[in-house]
Amino acid sequence: MWMRCQVPGGRVVARKLFVRFNSSSKNRWLTRQQNDHYTREAKIQNLRSRAAFKLMEIDDKFKIFCGNTPQRVLDLGFAPGAWSQVASRRIGDGGMVLGVDILPCNPPPGVSSIQANILSRKTHELIRLYFSKHFKLNKHDDIHEDHGYLRHMTEELSQESDCETYREVFSPDITPDKVGKYPIDVIISDMYEPWPQDSGFWTNITNAAYYRMANTSGLAIRDHYQSIDLCDAALVTAIDLLKPRGHFVCKLYTGKEDKLFEKRLKKVFRRVNRFKPVACRDESKEVYFVAREKRHDVDKLQVFTD
Ligand SMILES: C[S@@+](CC[C@H](N)C(=O)[O-])C[C@H]1O[C@@H](n2cnc3c(N)ncnc32)[C@H](O)[C@@H]1O
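Residues numbered from 1 in each chain as written. Predicted model: local features only at pLDDT ≥ 70, side-chain atom pairs only at ≥ 80, totals over all residues. Heavy atoms only, no water.

1. Describing the UniProt feature "active site" (unreviewed entry) in the protein
Applied cut-off: UniProt positions are given in the numbering used here, feature names are shortened, and annotations may be inferred rather than shown by experiment. Here a strand is any run of E in DSSP of at least two residues, a helix any run of H or I of at least four, and the numbering for each starts at the N terminus. Only heavy atoms enter the contact rule, under which two residues are in contact if any of them lie within 4.5 Å.
Per the UniProt record, "active site" (unreviewed entry) is found at Lys251. Topologically, Lys251 is positioned in strand E8 (residues 242–253). Filtering out sequence-adjacent residues up to four positions away, Lys251 remains in contact with Ser189, Asp190, Met191, Tyr192, Glu193, Ser227, Cys231, Glu286, Val287 and Tyr288.

Right, dumping it as C-alpha cells:
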C-alpha cells in the first residue's frame, strides 16, 4: 500500500507502507467477519457497518428517535456512518443529522459531517453553528473540496476567509441563536477505536498521532480510561448543546469508573439505563448508556464535582 507523507521541510513524498499480519490472528478475524450474521445483514441492507444493529436495538427498546417529528441529531464518532444511516432513516422528514469524526469520511446521503476532534472547543462552536444556521457542511465548494467535511483548524479556515462559504458560516449578520441555546434533540456517541480507513491518508489530522484519541488495545484498564475521557467529552457536549428533555446514547468500555460516569449522567438526565445490545460481540467490553430526558438548568461544574 502506498501512502503520502510529509517529510521535514514540508515536502510530500510517496512511501510504501508494509503491514505485517500475524497470519493466525488475521485468519481468525476474517473467519469471524465472514461468519458474522450482522456483518452479512449490514451488506444486504446497504448499511456501512454492523454497528447499525446496535443502535436499532437501542432505539427499538428506548424510543430515542420519533419517526413523526423532525429531530436534530448529533452523531459523535460517526465514521464510517452506520449510526448516522439509522438515525436519518428513523427521524421525521425535515430532521437533520450531523456526524463528527476525527477521521476523514464521506457521510452517507442526507447526513452532513465535520472532520474534527470532539475534545476541541472549536468543534463545539462549529456544531452549534451548523444546527443554528442550517448550512450544508457536505456541499462541494472550496472549503469542502473532495471530502465533504469542513476542516476545523482555525488557521486553515482563516486562509479561506475570502470565500463565500467562510462568510456564510461565520458572518455576524446571521443570528447564531436561531434555534436557541440548546439546538440538538438527540446526541449519540459511539466514539472510540478508528474505523479501518481506506482513503484520505494524506490528511494531517489522521497522521498526527497527537490528535488521535483511542484505539482498542486489549488492555482493559487502558481502554476503559480512554473511553471514559471520550464519554466525558460527549457528556460535556450534551450539557452544552442538548435541549432539555433531549436524549443521549453513549458507548463505554467498562471498568472501575462506570459507576462514577453513571452518577454524572444521573445529574444531567432523569432516566439512565445501562444496556448491552445483542449485536455486541460477546467478548466485547463495551456497554451503552442510554440517558433520557435531560434536566433543565444543569450546572456543569456540579456534574463533574464528585
Ligand atoms: C467504532 S467507530 C464508530 C462507528 C459508527 N458509530 C458507525 O456506526 O459507523 C468510533 C469512531 O470514533 C472516532 N473518534 C475517536 N476519538 C474521537 C475524537 N476525539 N473526536 C471525534 N471522533 C473520534 C474514531 O475516529 C472512529 O471513527
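2. Focus on the environment of Lys267
Condition: Buried, partly exposed and exposed residues are distinguished by accessible area as a fraction of the type maximum, computed with a 1.4 Å probe on protein chains only: under 20%, between the cut-offs, and over 50%, respectively. Contacts described as polar in this section are N or O atom pairs within 3.5 Å, which, within protein, must combine one atom able to donate a hydrogen with one able to accept it, while residues neighboring in sequence count only if both atoms come from side chains.
Position of Lys267 relative to the elements: it lies in helix H10 (residues 258–268). Under the relative-accessibility criterion, Lys267 is labelled partly exposed at 22%. The residues contacting Lys267, other than those within four sequence positions of it, are Arg295, Val298, Gln302, Val303 and Thr305. Polar contacts involving the side chain of Lys267 include one to the main-chain carbonyl oxygen of Val303, which spans 3.5 Å.

3. A closer look at the environment of Ser189
With respect to the helices, strands and loops of the structure, Ser189 is situated in strand E7 (residues 184–189). On the accessibility criterion, Ser189 (2% relative accessible area) is buried. Filtering out sequence-adjacent residues up to four positions away, Ser189 remains in contact with Leu76, Trp83, Ala234, Val249, Cys250 and Lys251. Looking at Ser189, its side chain comes within polar contact range of the main-chain nitrogen of Met191, at 3.5 Å.

4. Some thoughts on unusual backbone geometry
Trans is the common state for peptide bonds, and a negative phi is the common state for residues other than glycine. Pro80 follows Ala79 through a cis peptide bond whose omega is 5 degrees. Relative to the helices and strands, Pro80 is located in the loop between strand E3 (72–76) and helix H4 (82–90). Phi at Glu293 is positive, roughly 60 degrees, even though this residue is not glycine. Its place among the elements puts Glu293 in strand E10 (residues 286–294). If you check the backbone angles, Asp297 has positive phi at about 50 degrees while not being a glycine. Residue placement: Asp297 occurs in the loop between E10 and helix H11 (300–303). Residue Asp297 is classed as exposed on the basis of its relative accessible area, which comes to 78%.

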